[in-house]
Amino acid sequence: MSTQEYTNVIEVENLSTWFGSCKILKEISCYFEDNSVTAIMGPSGCGKSTFLRTLNRLNDLVPSFRQKGIVRFMGENIYGQGASVYDLRKRIGMVFQKPNPFPMSIYDNIAYGPKLHGLNDKDELDKLVEGSLKKAALWDEVKDELDKPGPNLSGGQQQRLCIARALSVNPPVLLMDEPVSSLDPISASKIEELITDLKKDYTIILVTHNVQQAFRVSDQAAFLYLGELVEFDRTKRILEAPADERTEAFITGRIG
Amino acid sequence: MSKTETPLDERAPDVFQSEKRERLKEFKSSMLNIVKSRRNFKDFLFHIILGIGIIIIIMPFFLVLYQVASVGFGELFSNGFDSFSNFFLTEPGRGLMGGIRNAFFGTIFLIILASAVGIPLSVFGAVYINEYTRPGRIRDMVEFTSDVLAGIPSIVFGAFGFAFLVGFLGLGMGLLSGSLTLAFMMIPTVLRTTQEALRAVPMSLREASLALGATKWSTTWNVTMRAAFPGVITGVLLAIGRVMGETAPLIFTSGNSLTTPTEIVGPGSWVASMPYTIWSYITDPRQYLNIKAHATAVALMTMVLAIDIVANIISRKVTRRLV
């Protein structure tokens, strides 16, 4: 992808998606600023995850998936002709709902991504693994057992390992699909802290159904309801003075 | 501690005694309960029946082992290690008085060649239908065919091998025809166990790899196959253990020989195998061949057992290392 002029790292214009004949997202337009955290909120089944997976084209795996509209990453349409899906996914990292470390050692888990993209120098890899683990605030806990299997770590550590893995290829954007919903409160707060830290260097798009969490960590928020983008603004503004009654109902817990 | 207190070690036996008495009482009352209530008795009866079932299930293994070993062990160990190594390392010779070198190495060659053809074929086949095709007609068809293949009697494989490989393709009897026939027999086991193992790998693992910008191939090879490896290796070794003991597919395809084969195709490639040797020795009227058959059977069973144990160890070690 060439570097074009762009104002926001990701811009979405009139995006609609379908699984088969079922319309999941309805004409969504929004944008994600550099070095910010955007929370995508909404009740279950409103299309949050679908939206996130549309941004790194992971939905392409589903045979019945179709989309219409434009998603611009760094100024280029990711669904346009000649766009490389591998290059895109390298530059948009993803963290999943359930921690999913590869069945390999901690070291190999992190080195997997860089190796895929052609980095084979041992010293560089060592440095990269250390750097990624430090960024994910996991280095101090695992620096003496890098050859231990990743899946042997605790749930919270596994999730931070997955974050480190996503950071290993140094993507400007990080997608997080409810990254703390399967973790205990202490691990969850650690990861929330981490998200706030990472904001300095990365653009983070966070899917969550937890209003408090969105309030704590995000700058902007988008509220999705049944595939429609109901509100999109500064988090504070949305949560303090929701403009739409559906948003208000969600915030006060009447829907969700 | 005051002096009036009894030291612990003197008090201990008493405590133990009373505990014993307590347990006896418990046992008695539970036995009484069984007789007293109809429901408890039924429960108890069912327990006993299941226990007897288990004994019947495990008995054949020990009976076979006992029967074969009681006759065959003498032949193997009558003269210490010498008779043992002679049995495997000398050729049958005149009157088949010698060892079973031909069959021992024959089986090893057959298995190696059969594995070299059958395992990659079935593993890659399973990867293709599980990872690269969508659920649908083709997948159903491959699964159905391989299931049918698993149910085909081994003698039919032998007949097929004879008609197709030996006759139609003109390979003649020998190592290659025998191995290929065995390879066909390995396909269903390896294919289906590999498929099961692949299916057990969570989708999110593949997605994590793809989300890093990996291609489908490198995801399949480095992540999915790696996670499925313990299951695959178990299937592979089970299949090897199974075809190792097959006689019927080899009768018309591998020929028989008193020496180890010198070629892969052609007259020099005729090869003996352990199950075939057991069969031919045990149907022979000569008493000493009967004993040799039993000794061969002991050896074959041990080999299959060893493979099963190795399968277990590998899959457990790998599982511990990886997952």
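Structural notes, computed from the coordinates. Everything quoted here is computed from the prediction, not taken from an experiment.

The rules behind each value
- Residues numbered from 1 in each chain as written.
- Chains lettered and ligands numbered in written order.
- Predicted model: local features only at pLDDT ≥ 70, side-chain atom pairs only at ≥ 80, totals over all residues.
- Heavy atoms only, no water.
- Helix = DSSP H or I, 4+ residues; strand = E, 2+ residues; numbered from the N terminus.
- Rg over C-alpha atoms; globule rule 2.2 N^0.38 Å.
- Contact = heavy atoms within 4.5 Å.
- Areas by Shrake-Rupley, 256 points an atom, 1.4 Å probe, with all protein chains shown as cover.
- Lys, Arg positive; Asp, Glu negative; His and termini not counted.
- Charge placed at Lys NZ, Arg CZ, Asp CG, Glu CD.
- Buried < 20%, exposed > 50% of the residue type's maximum accessible area, 1.4 Å probe, protein only.
- 1 Å grid on protein atoms, 1.4 Å probe; cavity = no way out; pocket = protein on both sides within 12 Å on 5 of 7 lines; lining within 4 Å.
- Points joined across faces, edges and corners; volume = space filled by probe spheres on them.
- Nonpolar A, V, L, I, M, F, W, Y, C, P; charged D, E, K, R; others polar.
- Salt bridge = Lys/Arg side-chain N within 4 Å of Asp/Glu carboxyl O.
- Polar contact = N/O pair within 3.5 Å; in protein donor to acceptor, adjacent residues only side chain to side chain.

### Remarks on the overall build of chain A
From N to C terminus, chain A includes 10 helices and 10 strands. Relative to a compact globule of 256 residues, whose C-alpha radius of gyration would be 18 Å, chain A shows 18 Å and is just as compact. In chain A, once contacts between residues fewer than 6 apart in sequence are set aside, the share between residues at least 24 apart is 68%. Roughly 11,100 Å² of accessible area belongs to chain A as shown, and the carbon and sulfur atoms make up 46% of that amount. Here chain A holds 30 positive side-chain charges and 35 negative ones, and the gap between their average locations is 3 Å.

### Structural notes on the overall build of chain B
Of the regular secondary structure elements, chain B holds 12 helices and 0 strands. Mapped from its N terminus to its C terminus, chain B presents α and β elements in the order α-α-α-α-α-α-α-α-α-α-α-α. Against the globule reference of 20 Å for 323 residues, chain B gives a C-alpha radius of gyration of 28 Å, more extended than a compact globule. Seen through its principal axes, chain B has C-alpha atoms that stretch 95 × 65 × 50 Å. Counting across all 323 residues of chain B, residues that qualify as buried make up 40%. Partitioning the contacts of chain B with sequence separation of at least 6, the portion at a separation of at least 24 is 72%.

### A word on the layout of surface pockets
Considering only enclosed or pocket space, the largest pocket measures out at about 570 Å³ in volume. Residue lining of the largest pocket: 23 residues in total, with Leu61 of chain A together with Asn130, Glu131, Met203 and Lys216 of chain B positioned closest to the centre. Listed by contribution, the elements that provide at least two residues to the lining of the largest pocket are helix H4 (101-132), helix H7 (175-199), helix H8 (203-211) and helix H9 (216-244) of chain B. Classifying every residue of the lining of the largest pocket gives 8 nonpolar, 6 polar and 9 charged.

### Description of the interface of chain A and chain B
Interface extent is often summarised as the accessible area lost during association of the parts. Taken together, the contacts link 27 residues of chain A with 23 residues of chain B. At the surface where chain A touches chain B, the tally comes to 1 salt bridge. For Arg53 of chain A, the salt bridge identified is with Glu207 of chain B, shortest N-O distance 2.7 Å. The tally of links from chain A across to chain B stands at 4 residue pairs in polar contact (both at pLDDT 80 or more). Among the elements of the structure, helix H2 (85-91), strand E6 (92-95), helix H3 (106-116) and helix H6 (155-167) of chain A are those that each provide at least two residues to the side of chain A that touches chain B. Ranked by residues supplied to the side of chain A that touches chain B, first place goes to H3 of chain A with 4 residues. Residues that form the side of chain A that touches chain B fall into these classes: 17 nonpolar, 5 polar and 5 charged.

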